[in-house]
Amino acid sequence: MDTKKDDALEIIRFGREDGTPDEKTRKRLETKFKLNSSTIDELFAQVDAEELEANTK
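Please read all numbers here as calculations on a predicted model, not as lab measurements.

Rules used in this analysis
Residues numbered from 1 in each chain as written. Predicted model: local features only at pLDDT ≥ 70, side-chain atom pairs only at ≥ 80, totals over all residues. Heavy atoms only, no water. Phe/Tyr/Trp six-rings, centres within 6.5 Å; stacked < 30°, edge-to-face > 60°. Lys NZ or Arg CZ within 6 Å of the ring centre and 35° of its normal. Helix = DSSP H or I, 4+ residues; strand = E, 2+ residues; numbered from the N terminus. Polar contact = N/O pair within 3.5 Å; in protein donor to acceptor, adjacent residues only side chain to side chain. Expected span 1.5 Å × (residues − 1). Buried < 20%, exposed > 50% of the residue type's maximum accessible area, 1.4 Å probe, protein only. Arc of directions from axis to C-beta. Contact = heavy atoms within 4.5 Å.

(A) Seen up close, the packing of aromatic side chains. This model, assessed by the stated rule, comprises 0 aromatic pairs. Of note, Arg-26 hangs over the ring of Phe-44, and the distance from its end group to the ring centre comes to 4.8 Å.

Below, the structure is given as structure tokens:
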């Protein structure tokens, strides 16, 4: 995966840990990384899957 997406995933993870609303994180990703909604949805889905996996261990 490219650095931009890795950085975006870290922003999502940090936002979740910090209690930042997902909508605010989405706007940040759109502005900072110029990502489209579809890509942002995929990144959030990846983080959701990671959280689900972590919670089932």
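What follows picks up the thread again.
(B) Examining the environment of Thr-31 more closely. Topologically, Thr-31 is positioned in helix 2 (residues 22-33). Here the side chain of Thr-31 touches Lys-27 through a polar contact of 2.9 Å, landing on its backbone oxygen.

(C) Just helix 2, in detail. In this model helix 2 runs 16 Å from its N-terminal to its C-terminal C-alpha over 12 residues, within 8% of the 16 Å that 1.5 Å per residue would give. Every buried residue belonging to helix 2 is among Thr-25, Leu-29 and Phe-33, and all of these are buried. Summarising the axial view, the buried residues of helix 2 lie within an arc of 40°, below the 170-degree limit, and thus occupy one face. Helix 2 presents Lys-24 and Thr-31 as exposed residues on the side facing more than 90 degrees away from its buried surface. Tucked inside the fold, the buried residues of helix 2 contact helix 1 (3-18) and helix 3 (37-55). At the exit of helix 2 stands Lys-34, carrying a positive phi of roughly 55°.

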